[in-house]
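Structure at a glance
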Amino acid sequence: MLRVMRLGTTVLAMGAVALAAACGSSGSSGSSGGASASKVLVGAGSTLVAPLMSQWEPDYTKSSGTTITYGAIGSGGGIDAITTRQVDFGASDAPLSSEQASACKDCLQVPWALAAVVPAYNLSGAPDHLKLTGDVIAKMYLGQITSWDDPAIKSLNPGVTLPSTAVAPVYRSDGSGDSYVWSSYLSSLSPDFKSKVGVSTQPAFSTGTGAEKSSGVAAAVQSTDGAIGYVTVAYITADSLHSALVQNAAGNYPAPTTDAITAAAAAVTTIQPDGSVSLVNPPASAASAYPISTYSYAIVPKSSPKAAQLQAFLTYAITTGQQFGPDLGYPGLPSNIVQHDKQVISQIGS
């Protein structure tokens, strides 16, 4: 059972605190700030990792004496903030592109959370856990499937009476790692989606309504009959959303449990030279794997006046901090990722 949190309020509060700290203190970017500044680490970015961060912040402060403030402003904002050194670390569910990596100037990527992006929907008269495929979802976001009683959806859900309610896609309007994972998955299964929309943190969706941050997508889905959107797994329980079961490459429809996310991670063990690992649409041999699983990444400068503090916090996050994950829908990191992360973290300040 996932621990229920009111994530929308939490995310907005953390964003306000961290952004105020980032903009109001040059100490966060490594300039003079005295002893108090050295005891503060400011981060910003991914809303996917925000529920975990809300647990890490007080626990790490209590054990270390170092205050962590985090703004859940979206992966795109996090990348921008660390690139311009407005914060001490960024967080993104989308790995840096080659252009972003160059602009970030010797930034390191550390996979520090394992999660899943889940299709959420609001459909009056329909049950929870409707079954969908990647191709069907792609057609909904391309405006090619326009009603919930479309034959393609009905064929996946025999015995279920579906209303003729119009499909109302909801997407992230801000730069989002969730959008990157979502568009990566749909592009992997739909050549049409790949050619017309493609993979991006801000895809050019041809239909639907945009909403800022995961909390905004959740709210838009909740308020619109016929809506379908995408949020990280922690928001499903927190916001009482209906979630669809998505077909994986083996033809199964696993729920996005920690076991199913772990199965996806176990099926894809290759770590790219830049530290990224793509988990979307794992092979059919991973029969129980959830197909829209993902890592979220901490992005840190290799050279930082707060190297020791960053090393300590990141080490906490990938080890002790993982204990908070399962209750929120985040499984613990695989041992090979932890080993890799420790090697990367050791490079900070070198």
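Presented here is an overview of the structure given in this document.

Rules used in this analysis
- Residues numbered from 1 in each chain as written.
- Predicted model: local features only at pLDDT ≥ 70, side-chain atom pairs only at ≥ 80, totals over all residues.
- Heavy atoms only, no water.
- Helix = DSSP H or I, 4+ residues; strand = E, 2+ residues; numbered from the N terminus.
- Buried < 20%, exposed > 50% of the residue type's maximum accessible area, 1.4 Å probe, protein only.
- Expected span 1.5 Å × (residues − 1).
- Bend = angle between axes of the 7 residues up to and from the residue.
- Pairing = 2+ DSSP bridges.
- Disulfide = S-S within 2.5 Å.
- Salt bridge = Lys/Arg side-chain N within 4 Å of Asp/Glu carboxyl O.
- Core = buried A, V, L, I, M, F, W, Y, C linked by side-chain atoms within 4.5 Å.
- Axes fitted to C-alpha atoms, helices over the stretch in contact; angles between N-to-C directions.
- Parallel < 35°, antiparallel > 145°, perpendicular 65-115°, else oblique.
- Left-handed = near helix turned anticlockwise from the far one by under 90°.
- Contact = heavy atoms within 4.5 Å.
- Nonpolar A, V, L, I, M, F, W, Y, C, P; charged D, E, K, R; others polar.

A closer look at the overall build of the protein chain
- Across its full length, the protein chain holds 14 helices and 11 strands.
- Each of the 350 residues in the protein chain was classed as buried or not, and the buried ones make up 57%.

Here we look at helix 3 (residues 50–64)
- In this model, helix 3 (15 residues) spans 20 Å end to end at C-alpha, consistent with the 21 Å of a helix rising 1.5 Å per residue.
- For helix 3, the principal kink sits at Trp56 and spans about 25°; a proline, Pro58, occurs within the next four residues.
- For helix 3, the set of buried residues is Ala50, Pro51, Leu52, Met53, Ser54, Gln55, Trp56, Glu57 and Tyr60.
- Just beyond helix 3, the residue with positive phi is Gly65, at close to 85°.

What to know about the pairing of strand 8 (residues 227–232)
- A large share of strand 8 lies buried, amounting to 6 of its 6 residues.
- Of the two faces of strand 8, the one carrying Ala227, Gly229 and Val231 and the one carrying Ile228, Tyr230 and Thr232 are both buried.
- Sheet analysis places strand 4 (residues 107–122) next to strand 8, joined by 6 bridges and oriented antiparallel. In the strand pairing of strand 8, Asn122 is matched with Ala227.
- Pairing of strand 6 (residues 168–172) with strand 8, which is carried by 2 bridges, proceeds in the parallel orientation. Counterpart to Pro169 in the pairing with strand 8 is Ile228.

Here's the deal with the state of the cysteines
- Enumeration according to the criterion identifies 1 disulfide in this entry.
- Across a sulfur-sulfur distance of 2.1 Å, Cys104 and Cys107 are joined as a disulfide pair. Looking down the S-S bond of the Cys104 and Cys107 bridge, the torsion is -65°, so its handedness is left-handed.
- Using a relative accessible area of 0% as the deciding quantity, one classes Cys104 as buried.

Overview of the pattern of salt bridges
- Throughout the structure, instances matching the rule amount to 6 salt bridges.
- Two residues, Arg172 and Asp178, come together in a salt bridge whose shortest N-O distance is 3.6 Å.
- For Asp178, a relative accessible area of 1% translates into the label buried.
- Overlapping salt bridges bring together Arg172, Asp174 and Asp178 as one network.

A short note on the pairing of strand 1 (residues 40–45)
- Here strand 1 lies mainly inside the structure; 5 of its 6 residues are buried.
- Relative to strand 2 (residues 67–71), strand 1 is paired through 5 bridges, and the arrangement is parallel. By the bridge assignment, Gly43 is partnered in strand 2 with Tyr70.
- The sheet contact formed by strand 1 and strand 3 (residues 89–92) spans 3 bridges and is parallel. Bridging across to strand 3, Gly45 finds its partner in Ala91.

Side note on the nonpolar core
- If you look at the biggest cluster of nonpolar residues, it comprises 96 residues, and the most contacted ones within it are Phe89, Trp112 and Phe313.
- For this core, the element with the highest residue contribution is strand 4, accounting for 11 residues.
- Ranked by size, the runner-up nonpolar core spans 10 residues in total, among them Ile79, Ile82, Cys104 and Cys107.

What to know about the packing of helix 6 (residues 134–141) against helix 8 (residues 177–189)
- Put simply, helix 6 and helix 8 touch, their axes get as near as 9 Å, and they point 110° apart. When the axis of helix 6 is compared with that of helix 8, the two are roughly perpendicular. The crossing of helix 6 and helix 8 is left-handed. Residues Gly134, Asp135, Ile137, Ala138 and Tyr141 of helix 6 form the contact with helix 8, whose own contacting residues are Trp182, Tyr185, Leu186 and Leu189.
- Broken down by class, the residue content of the contact of helix 6 with helix 8 amounts to 7 nonpolar, 1 polar and 1 charged.

As far as function goes, none of this settles anything; it's purely spatial.
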